[in-house]
Every structure is written in structure tokens, then in C-alpha cells.
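Chains, contacts and geometry: an overview
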Amino acid sequence: MTTPLPPDSVGLVTPRTAVLQEPLTLACGRNLDSFELVYETYGTLNAEGSNAVLICHALSGDHHAAGYHSESDRKPGWWNHYIGPGKAIDTNRFYVVCLNNLGGCSGSTGPRSIEPETGKPWGARFPTLRVRDWVHSQARLADYLGIRQWAAVVGGSLGGMQAMRWALEYPNRVRHCVVIASAMKLSAQNIAFNETARQAIMSDPNYHNGDYLAHDTYPKSGLAVARMIGHITYLSDHVMGEKFGRELRSGSFEQGLDDLVEFQVESYLRYQGDTFSDKFDANTYILMTRALDYFDLAREYNDDPAGAFRRAQCKFYVASFNTDWRFPMERSREIVDALIAADKSVSYTEIDSPYGHDAFLLPNEHYEQTFRQYMARIATE
Amino acid sequence: MRIDFNHLQQWIGEGSRVLDLGCGDGTLLKYLTDSKQVKGYGLEIDPEQIEACIGRGVNVINQNLDRGLGNFADKSFDTVLMTQALQTMYFPHKVLDEMLRVGKECIITFPNFGHYKARFHLAFRGRMPVSDLLPYEWYNTPNIHFCTFKDFEVLCHEKHINVLNRQVVNERTSQTLGSFNPNLFGETAIYHLSK
């Protein structure tokens, strides 16, 4: 028997696919003749088409941001805490669009799709993507849905990078830019973690230089390790301590026992790695982490972030979390300082949360309140 | 509307760029935006006040003033404001320096610790002043650096700060007495400064 879906959720949702036939020239110089994007929408587009909100997903996200795919679904979409009727992104007011980015592995055109010229899966030959490619492909989706201008483009982490790039690439098509737990560029430490994760995948004997599908295999253990590395950086030391401490799952430290000891945290991380590697694509993981690494908001603006933001026409809301060491508060402050120097409208809040980078996905009263207040202002403009 | 807000707005130009330090719930910035079309930001650290600012549509930045204003460029604001917060700073003199660096002009309001009621408390009761103006006990007060109007004038003099305007406003004490002897009968000072 299934329990009824919570009344503050968007309920049952069905993904749709947009087939976009216009060729897209990518930052790397290559062309995609056509591509498909899988997306979900929640709420209703108003007659003026002025209430659309784009949600940009982070590294391992997809189009399923809120609601449930079936009555028996155990878990709702990845941002269900913040998208729904009466929630911060209120689907009674907004028409919310979330898509699986190009290069993804949840249905949009990506390394698992068939390359038209060869009739085989793209695999590692799929073009390298930049954040701007996602933004341009999202603009095509907006055209397809009849959305001329977003009320807001919203994203956390890698999603925040897309939101900022939107503000610079399409200044007339964004009224508000919401940037949560993000950065204008990654630090060397961040790139180091991503490269370690990529190497874990590539050194798996089943990787076959990215052609694992042709070999009818899959670098499952490499991808699992990559996810474990990532997962450690999304949590805070404090939360790991609280959740697992040094608790043992099996074995004992008693003298004279040679059996292996297993800590709870080991088992937890392995479980996270295992479940992730069952549903995610290794080439997509490599592609998305590279897009993260390459992103540098101000590079083409003489490395002057304020100069870059002067192009923007929208208002900004920026939030960060005090225990987030993957995208620390300093990175958000840099965004805010550049926006102030560019004389842009911006509000910024630092949220007290023990949960590290993951905090942007989790319930938190102050985060929820400020986010809700900001979105409510947008709705009444 | 707080009484000091009412007075200080006369020194703020139409459409000017304003930074409000310790902006609270954003009432003043909202008022100045509506009445003078100012642009700018408030700095605040209290989560509930930040929520209130955002709810009002006031640009608020989560920033601790004791960390300085190093992220703001020299003379990048027409006016830097600080109302009733100077006495809560760890280093009020450094905050004042920063305000005058970032702003072409500053407006600062603070309570007078030389007010006769405060003096009476200390002189005759031998206790730190607690009143309707200063409702905290010494151990739990956020007000850690009190000064009198005279003290503040001395600091301005030492720092070669120009006092463009000064005004004393009273809500509970007679305005006449406050004008007659501000340091004894004035409750709140409003200073308009430049450097």
C-alpha cells in the first residue's frame, strides 16, 4: 500500500523531451546538429509568460527537482524542500522549469546517446562542454517553451555558475539571478578533488578510454570511488563526526583478533558510491567535473569580475553556508563584492548550518525564510 | 519612524548612493529609497533582520562591521550611514575611519552616555546606568563602547574630521534643555561628517 503524496509537494510529475533541431555551436568549436533535453515543469505559465523560473542543476543533478514519478516513489526530486506549493520557490506563483543538462545521463543528449555519424554511443568522444554551452542550450529550451524572459534563474553550486553565466550571456532574458553556495571559479584544491575523481574512473580497467559501452562493460568501481571522493567534500567534518563518529559496523579492536574492522563511515561511503555508480554515467561525470573546472566567470572580461557583472541587467540574491568548505563563504563574498563594485542590486546572506556544501539541498529555517522572502518579492514585482 | 531617521534624511541627496551600516530591518533604507530614490546596500548580521530587509526589498549584505569595510572602494558611496550602532563596535574609531574612507560623507547617530540620567545613575546610585534609553545590564549589553557627545567631538578633532552638521534630538527630555546643554540633556546625537 502506498501512502498519499505530501500536500506541499508538486505531486506526480512526468518528464518530457524537447527535440531541438537548430544546430548548436559549442565553446570547443564543434557543432551539435540537433539535441534533446529532458525537462520537467511545475506550476503554470501565466498569460504574460512572466512567471517562469529556471532551475539549474549541480554536478550530479537532473531534471527531477521536485515531486514524485510514481505513487510508490520513495524519494522526491532533489530540491523538493524548496520547490512546491507554498515553498520558497512557490509553484502556486511560478512556472518552474528544470532540465537535465546537455551531456547528462538522465535522458538528455550526452555520452550515452548515439552519435549520428557513427551510429554508436558517443562515449568519451562527446564534445567537451563549458557552462556557457549549457546556458545556450537552456536558452533554446526557453524558446521552445515560449519563455522570452525568466523571472529568475536559480542554481546551487555548479547550478549557480550557470545562473551567473545566464546573467552575462542573456542580460535581457533574466530578471533575477539566484546564486547559492557557488563561486566565480574553482580553487586549485577543488580542481584537485575533481581530477582525483576523474583518475579513479579512468584507471578502472573497465573504462576502456571511455568506450566501455562498446565493450559491453562499465567502470562501476571507478565511478563509485569518484563519488566517494566527491561525497566527502560535500559534508562537513562535524556532520561526519556526528553521524558516524568512530562507530564500527563489524569487527572489533580486541587484542589478538586479526579480522578486519569496518567503520560505519566506510560502509556509508561505499553505499553512496555503489548506488550512484548504478545510475550515473562515468563519461558524464568526467564531462561535468571538467565544465566545473573550466568555469571562470571573468576570464574573458580581463579577469575583472566587476567588469563582467556590469553587463548584467538583473538583480541578484547570493547565499552561502558557514560549514561549506567545497564552496566556502569567501567565494560567495567575492561574487557579492564584484556585484557591489558593478553597482548591481544584490542581497547576500550567510547561513548557519552544520551540513557543509550539501546544506543548500537540506531544510534550514533561515535559508528557507530568506529564500522565500526573496522569491516572494519577485512574484509581486 | 525613529526620530533620528527623520532628521538625518535632510543631509542625503536625491538619487545618492548610500551604505547603511547595521541597517536593522531596513526601515531607513526603504524610507530613503521611497522618498529620495537612493540606491545602496545595508550591512547587517542578525538573521531575522536580514530576512526583514529582503522582505522589504532592501538590498542587504550579511557582513560583520568589525571585519572592516575592506571590500568597499574608496569614496564609492555618497553617504555612509550608521545609526545607533557605533557603541556596539569593537573598534569604533576604526569603523569611523573606514566610513570616511568609503563615503564622501558620513552620518552617524549614537546615544549620549553623558545624559543627566546616566550621570545620576552612576553618581548617586553607584550603578551602571539602566534606563528606558539604555535598557541593558552591564553584563549583557551589546553597547560596549559608550561615549558622550564631548568624547565624540574630541575624537573627531584628533582625527581631523570635519563636522558638517550636528544635531541633538530628544524624545523623552525637553528639546529646549537639549539645545541649551546637549552633553547633559541631549539623548541622541546626529553627526554629519566628512574628511
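What counts and what doesn't
Residues numbered from 1 in each chain as written. Chains lettered and ligands numbered in written order. Predicted model: local features only at pLDDT ≥ 70, side-chain atom pairs only at ≥ 80, totals over all residues. Helix = DSSP H or I, 4+ residues; strand = E, 2+ residues; numbered from the N terminus. Rg over C-alpha atoms; globule rule 2.2 N^0.38 Å. Buried ≥ 20, exposed ≤ 12 C-beta atoms within 10 Å, placed from the backbone. Contact = placed C-beta atoms within 7 Å. Core = buried A, V, L, I, M, F, W, Y, C linked by C-beta atoms within 7 Å. Domains from an automatic or database assignment. Nonpolar A, V, L, I, M, F, W, Y, C, P; charged D, E, K, R; others polar. pLDDT = per-residue confidence, 0-100.

Here the focus is the overall build of chain A. The secondary structure content of chain A amounts to ten helices and 14 strands. Against the 2.2 N^0.38 benchmark of 21 Å for 381 residues, chain A shows a C-alpha radius of gyration of 21 Å, consistent with a compact globule. Viewed in the frame of its principal axes, chain A has a C-alpha envelope of about 75 × 55 × 50 Å. A total of 381 residues make up chain A; the buried ones form 50% of that total. Long-range pairs, those at least 24 residues apart, make up 70% of the contacts in chain A between residues at least 6 apart in sequence.

Bringing the nonpolar core into the picture now. Residues and elements named next belong to chain A. Ranked by internal contacts, the top residues of the largest apolar core, which has 151 residues, are Val53, Ile55, Val96, Val153, Val154, Ala163 and Cys177. Here this core spans two domains, and each of domain 1 (16–185 + 297–380) and domain 2 (193–288) adds at least three residues to it. Excluding residues that lie within four positions of it along the chain, Ala163 makes contacts with Cys56, Val153, Val154, Gly155, Cys177, Val178 and Val179.

Each partner contributes to the interface: chain B provides 13 residues, whereas chain A provides 16 residues. Mapped onto the side of chain B that touches chain A, the elements with two or more residues apiece are helix H3 (47–56) and strand E3 (60–62) of chain B. The biggest single contributor to the side of chain B that touches chain A is H3 of chain B, with five residues. Among the residues making up the side of chain B that touches chain A, the classes are represented as seven nonpolar, five polar and one charged.

For the rest of this paragraph, the subject is the confidence of the model for chain B. Scored by pLDDT, chain B has a mean of 91; 98% of the residues are at 70 or more. Complex prediction metrics read pTM 0.95 and ipTM 0.93.

All names here are of chain A. Of note, Ala226 is situated in helix H4 (residues 220–234). On the basis of neighbour count, Ala226 is assigned to the buried category, with 29 C-beta atoms found within 10 Å. Separated by 28 residues in the primary sequence, Ala226 and Arg198 place their C-alpha atoms 6.6 Å from one another. Setting aside chain neighbours within four positions, we find Ala226 in contact with Ala197, Ala200, Ile201 and Tyr285.

Quick look at unusual backbone geometry now. Residue and element names in this part refer to chain A. The phi torsion at Ser157 lies on the positive side, around 60°, for a residue other than glycine. Relative to the helices and strands, Ser157 is located in the loop between strand E9 (152–156) and helix H2 (158–169). Looking at Ser157, the number of C-beta atoms within 10 Å reads 27, which means it is buried.

Looking at chain A, the domain boundaries give domain 1 (16–185 + 297–380) and domain 2 (193–288). Taken over C-alpha atoms, the centre of domain 1 of chain A sits 27 Å from the centre of domain 2 of chain A.

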